[in-house]
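Here are the chains, one letter per residue:
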Amino acid sequence: MDTSWFTKAWANPQALSDNLWLIIALPAFGALVCGVFGRALGRTYVNLVACASVLASFFLSVFAFQAVAADPSVIVTSAANGQPLRFALSGDWGVWFQAGSFSAHFGLWVDHLSATMLMVVTGVGFLIHLYSTAYMEHDPGYWRFFAYLNLFMASMLTLVLADNLVLLFVGWEGVGLCSYLLIGFWYTDAANAWAGRKAFIANRVGDCAFLLAMMLLVLTVTAFARAPSAEPPAIFFAQRRAVFAHAATSEPGPLNFKVLEEFAQYIPASLAMGSKGLLGTDIPIGPLAGHTYGHTLTVIFLLLLLGAAGKSAQLPLYVWLPDAMAGPTPVSALIHAATMVTAGVYLLCRMAPLLVMSPAAMATVAVVGALTALYAALLAFAQDDLKKVLAYSTISQLGYMFLGVGVGFFWGAILHLVTHACFKGCLFLSAGSVMHGNDGELNIKKLGCLRKEMPWTTACFGIATLAITGIVPLSGFFSKDDILHGALHTHLLGYEWVMPTVFAIGSLGAVATAFYMSRAYLLAFTGERAKDAKVPHAHESGWVMVAPLVILAALSIVLLLHGFPGVLKTPAGQPETLMEAFLKPVFGVADKLAVEAHSLEPETESNPWPGFVIALALAWVGGAAAWYLYKRVFPARAGKPVPAVFAAVRSFTVHKFYVDELYDAVLVRPIKLLSIGLFRVVDEGLIDTVLVGGTGWVTARIGSLLRYLQTGDVQAYAAMMAVGLLAGVGYAIFEVLAK
Amino acid sequence: MNAPQLIFAGLAFATVFSAVLVIAARNPINSAMSLVATFLFLAAIYAQLLAHTIAVLQVLVYAGAIMVLFLFVIMLLSLTHLGEPTPRPAFHQVVGGVAAVAVLAGLVMAILRWHAMAGAGRARESLLRFGTLEQVGGLLYTRWLLPFEAVSLLLLVAMVGAVVVAKPRI
Amino acid sequence: MEISPVDTQNYLLLAATLFCTGMLGVLVRRNALVVFMSIELMLNAANLTFLAAARERLDSTGHLAALFVIAVAAAEAAIGLAIVIAVFRNRGTVNVEDIRTMKY
């Protein structure tokens with residue numbers, strides 16, 4: 001059998017490289033058409049244009065994925081060090097802007113990581129577009145919705161395909177904007193608009209940190225590129241160093257990911273030469289002179305973490321995500337489950353070669369992720385709104401991904417990202433289907449017995465719930481527990497206490513996840529219909545809405561293959577999963593660098609099954625607890641007053657631990673007061689009244705005083721001339737003739 | 001003090017006296033006549049300065065034509081009987097007066113500090129011909145022809161302008 | 001007799017006195033014609049200065065300047081008096097204090 005069909009690219013790689021921009025341009029064009037002509041085109045055509053553009057992007061992504069995954073002859077030359085790179089497509093469309101030694105290019109890059117993200121974004125995106133055509137069929141603003149959704153797709157694809165941090169930031173901002181637009185889609189209700197605003201501002205705080213990190217990174221890399229040649233790495237990589245120096249200071253600019261990866265290569269190399277290493281060296285030139293490279297890198301990554309925390313809703317910037325549920329449900333599914341919130345994880349994975357050079361930053365990432373995972377899970381316990389439960393669940397699962405990144409388990413984080421996109425997307429779409437069938441009701445206490453009335457939705461929701469709680473044999477189990485297993489068995493040097501801590505927190509979070517998801521399922525889908533339900537009988541949604549649900553649920557099951565341990569074996573004899581092998585060209589560099597730089601020790605425990613069994617047991621414990629409480633204890637206690645302690649705890653949890661109120665008092669209110677003060681005192685008082693009005697007043701007063709010089713009497717004017725003449729004579733005597 | 005200095009002193013005193021009379025006389029006719037006297041004394045001084053042509057022209061043009069014009073106008077406007085009652089001087093008049101006196105003081109101080117340039121008179125013209133009509137005329141029609149023509153144009157314009165302005169109806 | 005028997009300074013002092021007398025008249029007197037006459041006085045003082053300098057340097061250019069001054073003074077007197085007549089016709093007075101249309 002001719003297997004070359006699998007090892008040759010289906011489309012010409014060069015043509016694909018040159019036309020990568022189409023992947024972004026097609027949804028952008030769709031956005032333009034829907035936005036400008038949408039109202040005139042009518043519902044059918046708008047749906048068609050929107051879905052078709054995303055579908056076309058999906059097909060292009062499939063071709064790109066296949067070319068990159070299968071064909072070993074796809075080679076590009078890295079601009080950073082002149083070496084050839086396999087399994088990547090790249091296109092560069094010239095310089096975007098240049099300032100001195102800094103330049104940013106319009107460059108797109110597809111490697112295994114980007115290809116994975118491409119498939120997730122375009123695939124899930126297309127399914128959700130399809131779903132939205134049915135979901136929004138009664139909404140008058142449908143053309144606006146699809147325009148924003150397509151614009152979002154274009155921005156997210158820019159983010160994923162960018163080959164440098166600057167272009168990534170463009171996509172980053174773009175998705176933030178689209179998130180704002182879509183959350184506040186029904187803006188006639190002020191609460192929705194405020195929710196959109198909150199999302200935008202929280203994102204902005206993160207963006208500010210991101211920008212600072214980029215600037216520091218530029219300074220660091222260019223300082224290194226221009227450093228005196230007596231540095232040890234210079235001897236080591238002489239020729240490569242010259243290419244790198246050129247790359248970092250003129251083409252293609254210091255923020256290109258390949259350039260950053262090359263920069264990371266020099267750090268362990270410097271250790272090999274016996275000096276205290278690049279990390280301990282002071283930066284020689286520029287505004288950062290005097291600080292060591294190591295400290296600067298840590299600061300940069302802490303800032304990047306803050307930026308990622310803003311976008312991916314981690315502590316302390318998660319507050320916008322629950323409020324973002326005010327937007328339409330497809331938006332929640334696409335943006336706040338599958339794609340935008342994963343941008344932070346993607347960013348940190350892209351920066352992996354440099355990230356592993358800073359164990360402090362990695363420890364922070366892991367701890368933040370773990371704490372967020374547990375924290376959000378606890379908050380989800382008391383939520384009655386189904387979408388809010390799912391929102392906190394998203395925050396929690398993102399915490400797991402950050403945990404994975406923080407312990408150096410990058411492929412695990414990406415695997416969890418992919419599986420999470422599938423099952424969380426499925427969960428959100430099911431919630432939307434529930435809303436559709438129950439006249440907009442989302443309070444799980446007011447639903448119930450949907451199992452009989454909405455079988456398909458129930459089945460998909462059930463499968464996705466099992467996936468997220470980590471029940472065998474679904475994909476969520478493997479991805480989440482791969483992370484926890486990896487957390488326990490890799491070692492961050494210098495921060496050994498982090499591993500057991502995050503493992504413990506993560507496991508607690510897993511129990512909590514099982515608990516609240518089971519609670520949601522049990523209350524909403526099983527049992528009897530609630531007495532105060534809006535609609536006595538729910539109806540199942542049409543196939544246009546159910547089909548994406550089924551597809552995503554199926555994917556939730558199928559993707560377990562990627563996480564199943566022991567499927568393949570590394571050359572060293574260690575078992576590895578499909579995903580790990582697939583992402584090895586990308587993260588192998590980071591792993592190697594981590595080992596060489598002595599910041600990370602790889603996983604030593606090769607048998608994951610004992611850990612898996614424990615994890616499974618924990619999940620069962622959580623689920624059983626939920627079943628017991630909500631099926632036995634609470635119905636038995638119905639009608640009896642709640643003990644004060646539990647009521648207080650529940651109230652505290654329902655109010656989200658009063659964090660929003662805290663932020664409001666500590667941050668928002670002082671800024672508002674400052675703004676009002678500046679407005680009243682500085683703008684109105686000082687500038688308008690004193691400076692502008694005052695200038696006018698003074699001029700008018702002087703004018704009315706000088707008026708009196710116009711006596712109309714010629715002799716008076718002549719007298720003034722005489723006085724002037726006197727002055728001239730005096731000058732002549734004293735200055736000229738006296739000398 | 002020799003004779004020229006004595007003559008100069010006398011003439012100077014007379015000139016100043018009549019100049020003061022010009023500005024101090026109540027009746028404008030008296031002012032005009034004093035001005036004529038001033039011009040005549042000045043012509044004498046010009047003659048002492050060997051500026052013969054100018055001295056003659058001073059008498060002919062200034063004292064002869066311009067002052068006649070003044071007298072005509074005074075008589076035309078019947079101003080002879082207008083003796084102005086002198087009210088209190090206005091502020092600008094006081095300022096002007098003080099300024100004039102101060103300027104005088106300053107000019108005197110400046111002049112007293114002025115020293116003659118060494119090697120006076122580069123063009124050693126003959127003193128016999130200095131200031132004569134041939135001398136002045138010769139310069140006027142050769143080197144200074146353009147200003148001469150310009151001044152004659154100016155006089156033409158002045159004539160036309162005076163007629164136009166003074167007519168009651170054009 | 002190359003050097004003037006009378007010091008040039010004396011002539012200049014006389015000229016200054018005449019000039020300032022004329023200036024005083026211009027600034028203090030209210031009758032327009034007297035003001036005019038004072039202006040003529042000032043012009044003569046300038047003439048005297050020119051001629052004294054010409055005598056000092058034995059350069060006839062000063063005489064020509066004085067000639068032009070006289071010519072221009074004549075033209076100016078003609079037009080100025082015509083204006084005085086026109087103003088008298090309009091206002092009935094030649095008192096400069098009474099002509100104040102440009103007052104604020």
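Residues numbered from 1 in each chain as written. Chains lettered and ligands numbered in written order. Predicted model: local features only at pLDDT ≥ 70, side-chain atom pairs only at ≥ 80, totals over all residues. Heavy atoms only, no water.

(A) Spotlight on the overall build of chain B. Secondary structure assignment for chain B yields six helices and zero strands. In chain B, the succession of helices and strands from N to C terminus is α-α-α-α-α-α. Per-residue burial for chain B yields a buried fraction of 36% across its 170 residues. The contacts in chain B between residues at least 6 apart in sequence include a share of 58% that link residues at least 24 apart. Total accessible area on chain B stands at roughly 9,600 Å², and carbon and sulfur atoms take up 75% of it. (Helix = DSSP H or I, 4+ residues; strand = E, 2+ residues; numbered from the N terminus. Buried < 20%, exposed > 50% of the residue type's maximum accessible area, 1.4 Å probe, protein only. Contact = heavy atoms within 4.5 Å. Areas by Shrake-Rupley, 256 points an atom, 1.4 Å probe, with all protein chains shown as cover.)

(B) Local environment of the pattern of salt bridges. Residues and elements named next belong to chain A. A full pass over the atoms with the stated rule returns 10 salt bridges over all chains. Between Lys198 and Asp323 there is a salt bridge, with its nearest N and O atoms 3.0 Å apart. Of this pair, Lys198 sits in helix H8 (residues 190-225) while Asp323 is found in helix H13 (residues 320-323), placing the two residues 125 residues apart along the sequence. Lys198 sits in the partly exposed class, given a relative accessible area of 22%. (Salt bridge = Lys/Arg side-chain N within 4 Å of Asp/Glu carboxyl O.)

(C) The confidence of the model for chain C, seen in detail. In this model, chain C carries an average pLDDT of 89, and 96% of its residues clear a pLDDT of 70 or more. Overall fold confidence (pTM) sits at 0.73, and the ipTM for the predicted complex is 0.91. (pLDDT = per-residue confidence, 0-100.)

(D) Quick peek at the interface of chain B and chain C. Across the contact, 85 residues belong to chain B and 70 residues belong to chain C. Summing the contributions of chain B and of chain C, the shared interface buries around 7,100 Å²; its carbon and sulfur component is 76%. By the criterion of area lost to chain C, the three top residues of chain B are Ile23(B), Leu49(B) and Phe70(B), representing 10% of everything that side buries. In this assembly, chain B and chain C are joined by zero salt bridges. Put simply, chain B and chain C have 12 residue pairs in polar contact (both at pLDDT 80 or more) between them. Of all the elements in the fold, those that place two or more residues in the side of chain B that touches chain C are helix H1 (3-24), helix H2 (28-48), helix H3 (52-76), helix H4 (91-113), helix H5 (133-142) and helix H6 (145-166) of chain B. (Buried area = accessible area lost by both parts, 1.4 Å probe. Polar contact = N/O pair within 3.5 Å; in protein donor to acceptor, adjacent residues only side chain to side chain.)

(E) Up close: the environment of Val389(A). Residues and elements named next belong to chain A. Here Val389 is to be found in helix H18 (residues 386-406). According to the relative accessible area criterion, Val389 is buried, its value standing at 0%. A sequence separation of 130 residues divides Val389 from Arg519, and the C-alpha atoms of the two residues are 9.9 Å apart. The contact partners of Val389, leaving out residues within four places of it in the chain, are Ala380, Gln383, Tyr516 and Ala520.

(F) Focus on the packing of aromatic side chains. This structure, assessed with the given rule, holds 21 aromatic pairs over all chains. The interplanar angle of 55° and the centroid separation of 5.5 Å between the aromatic rings of Tyr180(A) and Phe200(A) together place this pair among those described as tilted. Pair noted here: Tyr180(A) is in helix H7 (residues 165-183) and Phe200(A) is in helix H8, with a separation of 20 residues, a long-range link. Residue classification places Tyr180(A) among the partly exposed positions, given a relative accessible area of 35%. The interplanar angle of 45° and the centroid separation of 4.5 Å between the aromatic rings of Phe39(B) and Tyr62(B) together place this pair among those described as tilted. Here the residue Phe39(B) occupies a position in helix H2, and Tyr62(B) occupies one in helix H3, the gap between them amounting to 23 residues. On the accessibility criterion, Phe39(B) (0% relative accessible area) is buried. Accessibility expressed as a relative area gives 0% for Tyr62(B), which makes it buried. Put simply, the rings of Trp96(A), Phe97(A), Phe102(A) and Phe106(A) touch in pairs and so form one group of aromatic residues. (Phe/Tyr/Trp six-rings, centres within 6.5 Å; stacked < 30°, edge-to-face > 60°.)

(G) Examining a nonpolar patch on the surface more closely. Taken together, Leu674(A), Leu678(A), Val681(A), Val682(A), Leu686(A), Ile687(A), Val690(A), Leu691(A) and Val692(A) make up a surface patch of nonpolar side chains, about 780 Å² in accessible area. Tracing the chain through its elements places Val692(A) in helix H30 (residues 659-706). (Patch = residues over 30% accessible without salt bridge, like charges linked within 9 Å, V, L, I, M, F, W, Y side chains within 5 Å.)

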